[in-house]
Amino acid sequence: MTAPQRPTIPAPDPQAAEPLYRQVYQRLRDAIAKGVLKPGDRIPSARALMAELGVARGTIESAYSLLAAEGFIQARGQAGTIVAPDLPSQHMPAVLVPPAKAVTAAPSFRPETTLPFQMGLPALDAFPRKIWARLGARCVRAMQPADMAHPPVAGLPSLRAEIAAYLHVARGVRCSPSQIFVTSGYRHSLALLAQSLLQRGDRVWMENPGYPPTRELLTRLLLKPVPVPVDADGLDVAQGQRAAPRARAAVVTPAHQSPLGVSLSLPRRLALLDWAKRQEAWIVEDDYDGEYRYVSRPLPALQSLDRDGRVLYAGTFSKVLFPSIRLAYVVVPEALVDRFERTAEIITGGSPQLTQAIVGAFIAEGHFARHIQRTRKLYAERRAQAVAALEQVLGRSIRIDEQPGGMHLILRLQGRRSDRKLVERMLAAGLYGEALSDWTQGRVSDPAVLVAFTNIASSRDATQLARRLQPLMA
Ligand SMILES: Cc1ncc(COP(=O)(O)O)c(C=O)c1O
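The sections below set out a description of the structure shown in this document. Keep in mind that this is a model prediction, so the values were computed, not measured.

**Some thoughts on the pattern of salt bridges**
Tallied over the entire structure, the rule returns 12 salt bridges. The partner of Asp274 in a salt bridge is Arg278, and the shortest N-O contact between them spans 3.2 Å. On the criterion of helical spacing, the pair formed by Asp274 and Arg278 is a turn pair, its members being 4 residues apart in helix H9 (residues 266-279). Residue class for Asp274 comes out partly exposed when judged on its relative accessible area of 37%. A residue is classified by how much of its surface remains accessible, and Arg278, at 49% relative accessible area, is partly exposed. One salt bridge connects Asp401 with Arg399, and the closest N-O pair in it is separated by 3.6 Å. Owing to a relative accessible area of 17%, Asp401 belongs among the buried residues under this scheme. Residues joined in a network through salt bridges with shared partners are Arg399, Asp401, Arg412 and Asp446.

**Considering the site of the ligand**
Taken together, Gly185, Tyr186, Arg187, Tyr211, Ser258, Asp286, Tyr288, Thr316, Ser318, Lys319 and Arg326 form the complete shell of residues around the ligand. Within the contact set of the ligand, an oxygen atom lies 2.6 Å away from a side-chain nitrogen or oxygen of Lys319. Contact distances for the ligand include 2.9 Å between an oxygen atom and a side-chain N or O atom of Arg326. Its free accessible area being 400 Å², the ligand has 92% of it covered by the protein chains. A class-by-class count of the residues in the shell around the ligand yields 3 nonpolar, 4 polar and 4 charged.

**A closer look at the sheet that holds strand S3 (residues 81-83)**
Taken together, the 3 strands give an open sheet; going across it, the order is S1-S3-S2, and neighbouring strands pair in antiparallel fashion. Edge positions in the open sheet fall to strand S1 (42-43) and strand S2 (73-75), since each of these has one partner strand only. Note: S1 against S3, 2 bridges, orientation antiparallel. Within S3, the position partnered with Ile43 by the bridge is Thr81.

**Structural notes on the packing of aromatic side chains**
Counting across every chain of the model gives 14 aromatic pairs. Seen in terms of ring centroids, Trp132 and Phe322 are 5.7 Å apart; in terms of plane orientation they differ by 85°. Their pairing is edge-to-face. With Trp132 in helix H4 (residues 129-142) and Phe322 in the loop between strand S10 (311-316) and strand S11 (328-331), this residue pair connects regions lying 190 residues apart in the sequence. There is no split in this pair, since Trp132 and Phe322 are both buried. With centroids separated by 5.9 Å and ring planes inclined at 55°, the aromatic side chains of Tyr186 and Tyr211 adopt a geometry described as tilted. You can see Tyr186 sitting in helix H6 (residues 186-197) and its partner Tyr211 sitting in the loop between strand S5 (203-208) and helix H7 (212-220), a full 25 residues away along the chain. A relative accessible area of 10% means that Tyr186 is categorised as buried. Through successive ring pairs, a cluster of aromatic residues spans Phe127, Trp132, Phe322 and Phe362. Cation over ring: Arg160 sits above Phe181, and NZ or CZ is 5.6 Å from the ring centre.

**Quick word on helix H10 (residues 337-347)**
All of the buried residues along H10 are Val337, Phe340, Thr343 and Ala344. Taken around the axis of H10, the buried residues stretch over an arc of 125°, which confines them to a single face. Turned more than 90 degrees away from the buried face of H10, the exposed residues are Asp338, Arg342, Glu345 and Ile346. Considering only its buried residues, H10 is in contact with strand S4 (180-183), H6 and S10.

**Concerning the side chain of Arg293**
Tracing the chain through its elements places Arg293 in the loop between strand S9 (282-286) and S10. In this structure Arg293 is buried but unpaired, with Asp289 as the nearest side chain of opposite charge at 8.7 Å. Only 3.0 Å separates the side chain of Arg293 from the side chain of Ser263, close enough to count as a polar contact.

**Regarding the pairing of S11**
Because side chains alternate across S11, one face comprises the buried residues Ala328 and Val330, and the other comprises Tyr329 and Val331, equally buried. With 4 bridges joining them, S4 and S11 adopt antiparallel strand pairing. Among the inter-strand pairings, Val182 is bridged to a residue of S11, identified as Tyr329. Note: S10 against S11, 4 bridges, orientation antiparallel. Across the sheet, residue Thr316 finds its bridge partner in S11, namely Ala328.

Calculation rules
- Residues numbered from 1 in each chain as written.
- Predicted model: local features only at pLDDT ≥ 70, side-chain atom pairs only at ≥ 80, totals over all residues.
- Heavy atoms only, no water.
- Salt bridge = Lys/Arg side-chain N within 4 Å of Asp/Glu carboxyl O.
- Helix = DSSP H or I, 4+ residues; strand = E, 2+ residues; numbered from the N terminus.
- Buried < 20%, exposed > 50% of the residue type's maximum accessible area, 1.4 Å probe, protein only.
- Near = heavy atom within 4 Å.
- Polar contact = N/O pair within 3.5 Å; in protein donor to acceptor, adjacent residues only side chain to side chain.
- Areas by Shrake-Rupley, 256 points an atom, 1.4 Å probe, with all protein chains shown as cover.
- Nonpolar A, V, L, I, M, F, W, Y, C, P; charged D, E, K, R; others polar.
- Pairing = 2+ DSSP bridges.
- Phe/Tyr/Trp six-rings, centres within 6.5 Å; stacked < 30°, edge-to-face > 60°.
- Lys NZ or Arg CZ within 6 Å of the ring centre and 35° of its normal.
- Arc of directions from axis to C-beta.
- Contact = heavy atoms within 4.5 Å.
- Lys, Arg positive; Asp, Glu negative; His and termini not counted.

What follows is the structure, given as structure tokens:
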């Protein structure tokens, strides 16, 4: 009689851009999705898998903790760890297969449960859900048969008008509603923009460090992202001009650079606009969190300085409302409206009309402005609480960058420690973090971990989290 064969998990590739724990996680998820590992099956112990794959124990533990956080596996004490017995194996979500040749690191993951320090989320406890429910019910009741046909591809006229009015007052953006194209998120805006204005092989400046999805999407669209360094004044325009003077576009986060949080200085703003004018290049202003500035009033958008119709302003409702809403927009220069309309006709079927109607009412009735004001104050408090707790508990092992705004903190690791390793340990301990190295092309001289403070509700919670982080720093 032969012993039952344990499924083989392919070893991760140390040369791949994707971190090792992500590769192990993905391989196990694949095995579960394909039914190689079935609900109730015991999975190899961390020690056994560590020996089999030749990777560190922390790597396996990070992968396991991610799988556990997402409900794929369950620890059963002495009995080991098993594939969740109630997992409907026939209905496993499709696994996203990475392209044959991995183009970039994929630093962020989206666990199905929210972890402490989770990036990219506004304060979920602060959203006025009662008001939202009331407006939602009203919009559903008001729906007419005509509203059930196809939505206008560029967005609901009432929402476009509200966005234009809001942007004028809050961000200094001058535009008419016809210049606004509603999309299902920043990446959708970027794709619409690239399809309208750029051609295969075009070079595009992007900030380094910078938001990884920008790089990933540009590459997928067969464009060539050119990393341009960021310093205390934001994107270094002179370096961009040296690296790729004839780039066709630049993607920037001028309000609070993502992830370093610095603001693009006025001289740099003017230099960037001047370069774009001379080269007839496009500037994409990703204003994902411009509202959240704590040291002064929010800075006007870069678009407000543009006299030559070179800036395309990308806004999103993910931070000021919530990410699952999947609504964003891009404001295009007047001269490009026709071109964008034609592209939108081809590549989008419009965005959900009912959600647009609810957001339109939410803005029109003043709830939006009130919510932003309230959360701005709340984030200033939560940020101060988190900084105080982390500094008190972690002492000299970290230094926290002073940033004028934003929704996350940058914890600089003292003593040349690896930010990727710390993030692996954090994930294994059920804490979220992202390594600055994963947001950077090339080496990082000053390793750091990015953590969000928006959902840390009290000083007590902040202290408890800092205490959970402390032993991982050793
Ligand atoms: C730099 C940056 N841009 C844009 C976005 C918004 O993305 P989306 O509209 O797809 O939620 C985010 C969200 O995390 C971000 O960090």
